Structure formats: structure tokens, C-alpha cells
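# Commentary on secondary and tertiary structure
Each chain, letter by letter, is given below.
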Amino acid sequence: MSTVTMQGLPGGPAENFVKEYLAHLHKLVGNDKLVINTLTELAHVNKAHARTIVHLIERRIKEVEKERHLPHIYLIDSICKNHGEPYIELFERNIIPTFCHIFKYADEKIRASLYKLRSTWSTSNMFERKLTDLDRTINSNLDPAWPIRERQPVYPGSTCPIPSCWGDVGAESAGTITPNPLAHSLALGAVVLPRYTDCCNSYH
């Protein structure tokens, strides 16, 4: 297990929590629903340490091998979709560099999963202020085939379901998270370019 310095993090009881959360975070070595759920619920019951939790996850993403990136962005997604604020606001601050770091080292299969995940953020009203800038950053700097979605207006009284980005993990397939299809992923102003065409068509 790699060593994570405590410099810049609070001491005392908070430092004990950091060690506990890190111990669980180091168990996230694959798309393990049980570990993601545990870390998600620890974030829920320890909202007093929300800033520290966000800091730890973002730092961990920079430390782990590229093969372990995807479960960590799924963890961010799980915490925000299940427990909302303050996590959405806190993760939103660095969501562009965090997402781009993962995307940069991802193969085509992982990039397709990242596209599906990003699509759920539009329908979940997550990271709204950053999504179009995220699309433009990826399209300009990493992959010109990445679709750009302009931010859509929100009408008073409208509601939208929050889809899950990963499905149930059975005993036979433990460690595998399968993105769910999104029936209305193309209804949000996407400019779909060839590389993601098949991925988008699978949502219909």
C-alpha cells in the first residue's frame, strides 16, 4: 500500500478518520460495488469531513495505476448521486482536471464508459456549470471526436430521473460494473461525432 502524507490535512480525530477512509480507499482496486458502497456511505455519515474526503479521492486518482482510474470516478459519481451536497459542489471544483486526467490514460473501451457516465450527469443535474467546459476541453485537447453538449435550460417544475451509471454486480461477476443504457442521452443537445456514434446509438 502506498504511503499518503498527512501534510495539509487536519490532525487529531480528523487524522484518525483520514487513516480509516484511506484504508477503505486502498481496497478500491477494481469495479467493486461493495467497496464503492462502503466508501459512499462513509462519506454520507462523515459529511463533517467532506472536504477531506474529496481531497483524498482526488489525490488517490493521481496516484493509482490507469487501470484503477474508472472505479474512482464511479465512486465520485456514487457519492454525489446518492448524497448530493456538499459533495457535488466540492467535486465540481476540480471535475474537469480530474475527468481529463482519467480520460487521457484511458483506452477506447474506458473512454466509452466515461462518455456514458458523463451523459448521466446531464440528466442528474450534476456539475452543471462545468459540463460544457469539460466537453470542450476534451474535444480540444484530448479527443476531437468527443461530443460537445451545450448547457440546456431548466424549466420550473420539471423533474428528471437520476439514472445509475453502473448496474448490479452478481456473485459470479463480482468486481464488474456495467454501465446502464440511457434512453434519452441524445436529447440534451449533443454534437455526436463518429467515434462515439455506436456508443450513442446503443442508448436508444
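Bear in mind that the values here come from a model prediction, so they are computed numbers and not experimental data.

Another point: the confidence of the model for the protein. For the protein, the mean per-residue pLDDT works out to 77, and 68% of the residues sit at or above 70. Confidence over residues 1-11 falls short of pLDDT 50; this stretch has 20 contacts with residues more than four positions distant or in other chains. Across residues 197-204, confidence stays below pLDDT 50; counting only partners more than four residues off in sequence or on other chains, it has 17 contacts.

Unfilled space is identified by rolling a water-sized probe across the atoms. Each pocket or cavity is described by its volume, and for the second largest pocket that value is around 210 Å³. Lining the second largest pocket are 13 residues; nearest its centre among them are Lys66, Glu67, Leu70, Asp107 and Ile110. Considering each element in turn, the lining of the second largest pocket owes the most residues, three residues, to helix α4 (residues 69-83).

A word on the pattern of salt bridges. Under the counting rule described, the total for this entry stands at eight salt bridges. The salt bridge partner of Glu89 is Arg93, with a shortest N-O separation of 3.6 Å. Arg129 is the salt-bridge partner of Glu92, the closest N and O atoms lying 2.4 Å from each other. Highlighted residues: Glu92 in helix α5 (residues 87-92) and Arg129 in the loop between α7 (108-123) and α8 (131-141), separated in sequence by 37 residues. Overall, the relative accessible area of 55% leaves Arg129 in the exposed class.

Cut-offs used in this document
- Residues numbered from 1 in each chain as written.
- Predicted model: local features only at pLDDT ≥ 70, side-chain atom pairs only at ≥ 80, totals over all residues.
- Heavy atoms only, no water.
- pLDDT = per-residue confidence, 0-100.
- Contact = heavy atoms within 4.5 Å.
- 1 Å grid on protein atoms, 1.4 Å probe; cavity = no way out; pocket = protein on both sides within 12 Å on 5 of 7 lines; lining within 4 Å.
- Points joined across faces, edges and corners; volume = space filled by probe spheres on them.
- Helix = DSSP H or I, 4+ residues; strand = E, 2+ residues; numbered from the N terminus.
- Salt bridge = Lys/Arg side-chain N within 4 Å of Asp/Glu carboxyl O.
- Buried < 20%, exposed > 50% of the residue type's maximum accessible area, 1.4 Å probe, protein only.

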